[in-house]
Amino acid sequence: LGTPLLTKLLQDLGVLPTRNFQASTFEGANALNADRLYKEYVVGRKACFNCPVGCSRVYCIKEGIYGGTIGEGPEFESMSAFGSKCGNSNLASLLRANTLANQLGLDTISTGSVISWALECAEKGILKGLETTWGDHQGIVAIIEKIAYREGIGDFLAEGALRAAQTLGPEAVKLVVHTKGLEYPATDVRNIKGMALGFAVSSRGGDHLRSLPLYEVAPDLYRDAVREEIGIEVTPEYWREYATKPLLIIWHENWHAVVDSLGLCKLEGIALKPLRPAHFTRLLRTATGWNISKGELEKIGERIVNTERLFNCREGIRRNDDYPPERILTEPIATGPAAGERLSRENFEQMLDEYYRLRGWDRESGCGQEPAPGSA
């Protein structure tokens, strides 16, 4: 069924972003489940070259206003971006939106996010001239083409949520859920503390794939791996605690950099329960004859992360760019089983301090430590 399985999982956990993160459960989530997608629209499986998993799908809409739509996927992130984030439970329209975005060269996460931000701004009277409202699936699909061709309101939204908001003023900026200008994907991190840190320190902004802390979001599945690989015990408070998360995020960042560099998919890498970093050394040795230890391979991942940080620091990124957005830090989760959960600013500061310490970065700036006098 692929990643669309996550719709139900995140809904049950109460961390499915809805209406631009105003809520974290969606009343239309059942209409967007993976089983329905598979039964009503999927016509075939698809895999990347030589992959034994084949987690993707080919879909076709045969009738209705979106009839004739054919495409691949969609992934969970795309379904959420055009679905719960926009208050939209029309599954066929999500498939149409996914196909359009792919054909027009638009990122589905950012496109759905900028639309959901605009819908909230219009709802609050901050943005004028947007006739589309929450759940208006035809209007949402129409905005995608307007963005691609920079027509009407689309010309404004094509700048992305943050740049567009900055032209409207501070009230609009407060509604943008982003870090470093990149809109957040489909997880409400107010109840997933390590992921909140991972989104914030990511080198390219609010990105789930730089750290993708799978050992946090499914701790029971990876209980032994968390202990044996990182040295963290999974206790009943593991989900809610802050103290262990910097080390957890660093481990994931390092190894995901390795997975990316090996040309592997993250879903066949750390996400599959049997695979551990030791397997990566065996794969590399088998393919190339390079006999490298697990520690040496992780050091390569660490260097990649540090090099990206050096580039960002050269371009002006500092500690104040490594924070979640205003909404995530000030508003508690409003709906569902996680209602009332919040991301403590004080605890986040402590996580960030510890993350910098473990990385060897300066606590005040978030950049590399100044070398000691006379050192090489």
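Residues numbered from 1 in each chain as written. Predicted model: local features only at pLDDT ≥ 70, side-chain atom pairs only at ≥ 80, totals over all residues. Heavy atoms only, no water.

A. Quick peek at a nonpolar patch on the surface. On the surface, a cluster of nonpolar side chains totalling about 280 Å² of accessible area is made up of L1, L5 and Y38. As for its position among the elements, Y38 is in helix 2 (residues 34-40). What makes Y38 partly exposed here is its relative accessible area of 39%. (Patch = residues over 30% accessible without salt bridge, like charges linked within 9 Å, V, L, I, M, F, W, Y side chains within 5 Å. Areas by Shrake-Rupley, 256 points an atom, 1.4 Å probe, with all protein chains shown as cover. Salt bridge = Lys/Arg side-chain N within 4 Å of Asp/Glu carboxyl O. Helix = DSSP H or I, 4+ residues; strand = E, 2+ residues; numbered from the N terminus. Buried < 20%, exposed > 50% of the residue type's maximum accessible area, 1.4 Å probe, protein only.)

B. Spatial organisation of the sheet that holds strand 2 (residues 56-60). Strand order in the open sheet formed by three strands is 1-2-3, with antiparallel pairing between adjacent strands. One side of each edge strand has no neighbouring strand; the edge strands of this open sheet are strand 1 (42-46) and strand 3 (70-72). Each neighbouring strand pair of the sheet contributes to a mean axis angle of 20°, computed without reference to strand direction. In the packing of helix 4 (residues 91-104) onto the sheet, the strands contacted are strand 2 and strand 3, and the crossing angle to strand 3 comes to about 75°. (Pairing = 2+ DSSP bridges. Axes fitted to C-alpha atoms, helices over the stretch in contact; angles between N-to-C directions. Contact = heavy atoms within 4.5 Å.)

C. Highlighting the packing of helix 10 (residues 193-201) against helix 13 (residues 245-261). Viewed as axis vectors pointing N to C, helix 10 and helix 13 meet at an angle of 55°, and their least axial separation amounts to 9 Å. Taken together, helix 10 and helix 13 sit at an angle that is classed as oblique. Viewed along their axes, helix 10 and helix 13 form a crossing whose handedness is right-handed. Residues K193, G194, M195, L197, G198 and V201 of helix 10 pack against K245, P246, I249 and E253 of helix 13. Of the residues assigned to the contact of helix 10 with helix 13, the class counts are five nonpolar, two polar and three charged. (Parallel < 35°, antiparallel > 145°, perpendicular 65-115°, else oblique. Left-handed = near helix turned anticlockwise from the far one by under 90°. Nonpolar A, V, L, I, M, F, W, Y, C, P; charged D, E, K, R; others polar.)

D. Main features of the pairing of strand 2. Among the five residues in strand 2, four count as buried, and that is most of the element. Where strand 1 lies against strand 2, four bridges are found, and the strand directions are antiparallel. Its bridge partner being in strand 2, R45 is matched across the sheet by R57. Where strand 2 and strand 3 come together, three bridges link them in antiparallel fashion. Residue pairing across strands places Y59 opposite G71, the latter belonging to strand 3.

E. Structural detail: the nonpolar core. One finds I115 and W117 to be the most contacted residues of the largest nonpolar core, which totals 73 residues. The element that contributes the greatest number of residues to this core is helix 4, accounting for seven residues. Contact partners of I115, with chain neighbours within four places excluded, come to F82, C86, I140, I143, I144 and I147. Grouped together as the second largest cluster of nonpolar side chains are 20 residues, Y222, V258, I270 and F280 included. (Core = buried A, V, L, I, M, F, W, Y, C linked by side-chain atoms within 4.5 Å.)

F. Representation of the side chain of T3. With respect to the helices and strands, T3 occurs in the segment before helix 1 (6-13). Judged by its relative accessible area of 17%, T3 falls in the buried class. A polar contact of 2.5 Å, which involves the side chain of T3, links it to the side chain of E75. Non-local contacts of T3, meaning those with residues more than four positions away in its chain, are made with R57, E75, F76 and L267. (Polar contact = N/O pair within 3.5 Å; in protein donor to acceptor, adjacent residues only side chain to side chain.)

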